[in-house]
Amino acid sequence: MGLLPRSIQYCVSQISEVASFSTMKLHWIENLLLLVASLTNISSALAALVDNGIIGSLLTIIQLPDRRDLSLEVTYIASLSLEILDLALNNHTTTLSVFHESHGVDAIVTRFSNDITYFVQNPSCRSQPLKLLLQNAALILSTYIQEARNDSNARDIELYRNNCFLDSLERVFINGDLFTSSLVTTVLSVLADIINKDPSP
């Protein structure tokens, strides 16, 4: 395993530990992820990152307990991880299968649903990083559904009938004035993709 994958694993361990939080460490993690984001546009670099477990590391960051009490930067780091995942899904064919095998959709749906609820119920906490996180989560779900459109996997269909997920989409429509127009538009795209894949919901 190379230096960059090891550094990413170190990031995951640091952000997982409550006692390890500091502004300097958060800035270091943020800059490292920005480097990873730039490398996702290079096919050979992205392939190496996927082979060295970048998808699992990013999903771990996304699934960490919310640390909004400590810093908005933690929310931004989770949002940046989602952005990298979306770039990887769009730029590397193997990423889709790795993402699926790692239960990536479940992780993102859970995060998206929890944060939609938090956003609606806490007016004072509707920060720009959280808005960006919701947008990036919705974009990944849209990308995944489009890429998996020809896959009749029953697990995906069951997920699309998940009440928690569908309730989150409904919350966006009901409270559309609270969210950015880009998020509402992306959620509409996600719903259209789901209906096209499986009309049952």
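All values reported here derive from a predicted model rather than from experimental measurement.

> Help me out: how do you make sense of the overall build of the chain in this one?
In terms of regular secondary structure, the chain is built from 11 helices and 0 strands. Helices and strands appear in the chain in the N-to-C order α-α-α-α-α-α-α-α-α-α-α. Within the chain, buried positions represent 47% of all 201 residues. Sequence-distant contacts in the chain: of pairs separated by 6 or more residues, those separated by 24 or more amount to 74%. For the chain, the computed accessible surface area is about 9,500 Å², with 53% contributed by carbon and sulfur atoms.

> Any chance you could explain the confidence of the model for the chain here in plain terms?
Interpretation of the predicted coordinates at a detailed level should be avoided for regions scoring low in pLDDT. Mean pLDDT over the chain: 80, with 82% of residues reaching 70 or higher. Here helix α9 (residues 154-160) is the element of the chain with the lowest mean pLDDT, 54, and helix α7 (residues 104-121) is the one with the highest, 90.

> What is the right way to look at the pattern of salt bridges in this model?
Proximity of charged atoms lets side chains of opposite charge pair with each other. Counted according to the given criterion, the structure contains 1 salt bridge. D115 is paired through a salt bridge with R111; the nearest N and O atoms lie 2.8 Å apart. Here R111 and D115 lie together in helix α7, a separation of 4 residues that amounts to about one turn.

> Which parts of the structure should I look at to understand the packing of helix α4 (residues 54-63) against α7?
Packed helix pairs are characterised by how far apart their axes lie and by the angle those axes make with each other. In contact at an axis separation of 10 Å, α4 and α7 are set at 25 degrees when each is read in the N-to-C sense. Comparing the axis directions of α4 and α7 gives the class roughly parallel. Regarding α4 and α7, the two cross each other, and that crossing is left-handed. Here L59, I61, I62 and Q63 of α4 lie close against α7, whose contacting residues are G104, A107 and R111. For the contact of α4 with α7, the per-class residue count stands at 4 nonpolar, 2 polar and 1 charged.

> Would you mind showing me how to read the nonpolar core here?
Core analysis: the biggest nonpolar cluster contains 55 residues, and I54, L85, F99, I108, F112 and F179 have the highest contact counts within it. Excluding its chain neighbours within four sequence positions, the residues that come into contact with I54 are I8, V36 and L49.

> How should the packing of aromatic side chains be read in this particular structure?
We describe a pair of aromatic rings using the distance from one ring centre to the other and the angle between the two ring planes. Throughout the structure, instances matching the rule amount to 1 aromatic pair. Aromatic pair F119 and F179: ring centres 4.8 Å apart, planes at 20 degrees, arrangement stacked. You can see F119 sitting in helix α7 and its partner F179 sitting in the loop between α10 (163-174) and α11 (181-197), a full 60 residues away along the chain.

> I tried to follow the environment of I77 on my own but got confused; where do I start?
Mapped onto the fold, I77 is located in helix α5 (residues 72-91). With 15 residues separating them along the chain, I77 and I62 place their C-alpha atoms 8.6 Å apart.

> Would you mind going over α4 with me for this structure?
Because an α-helix packs 3.6 residues into every turn, residues spaced three or four apart end up facing the same way. With respect to burial, α4 is a largely interior element, 7 of its 10 residues being buried. Among the residues making up α4, those that are buried are I54, I55, S57, L58, L59, I61 and I62.

> Help me understand unusual backbone geometry in this model?
Leave glycine aside and you will find that most residues have negative phi; peptide bonds, for their part, are mostly trans. A positive phi angle is found at H103, which is not glycine, with a value near 60 degrees. Examined against the element boundaries, H103 turns out to sit in the loop between α6 (93-101) and α7.

> Honestly, the environment of Y144 in this entry has me stumped. Any pointers?
Relative to the assigned elements, Y144 resides in helix α8 (residues 128-147). On the basis of relative accessibility, which here comes to 2%, the residue Y144 falls in the buried class. With 44 residues separating them along the chain, Y144 and H100 place their C-alpha atoms 9.1 Å apart.

> Looking at this structure, how should I read the packing of α6 against α8?
Two elements in contact, α6 and α8, have axes separated by 11 Å at closest approach and are oriented at 110 degrees. Classed by the angle they form, the pair α6 and α8 counts as roughly perpendicular. The two elements α6 and α8 meet at a crossing, and its hand is left-handed. For the pair α6 and α8, the contacting residues are L96, F99 and H100 in the first and I140, Y144 and E147 in the second. A breakdown of the residues in the contact of α6 with α8 according to their chemical character gives 4 nonpolar, 1 polar and 1 charged.

About the thresholds
- Residues numbered from 1 in each chain as written.
- Predicted model: local features only at pLDDT ≥ 70, side-chain atom pairs only at ≥ 80, totals over all residues.
- Heavy atoms only, no water.
- Helix = DSSP H or I, 4+ residues; strand = E, 2+ residues; numbered from the N terminus.
- Buried < 20%, exposed > 50% of the residue type's maximum accessible area, 1.4 Å probe, protein only.
- Contact = heavy atoms within 4.5 Å.
- Areas by Shrake-Rupley, 256 points an atom, 1.4 Å probe, with all protein chains shown as cover.
- pLDDT = per-residue confidence, 0-100.
- Salt bridge = Lys/Arg side-chain N within 4 Å of Asp/Glu carboxyl O.
- Axes fitted to C-alpha atoms, helices over the stretch in contact; angles between N-to-C directions.
- Parallel < 35°, antiparallel > 145°, perpendicular 65-115°, else oblique.
- Left-handed = near helix turned anticlockwise from the far one by under 90°.
- Nonpolar A, V, L, I, M, F, W, Y, C, P; charged D, E, K, R; others polar.
- Core = buried A, V, L, I, M, F, W, Y, C linked by side-chain atoms within 4.5 Å.
- Phe/Tyr/Trp six-rings, centres within 6.5 Å; stacked < 30°, edge-to-face > 60°.

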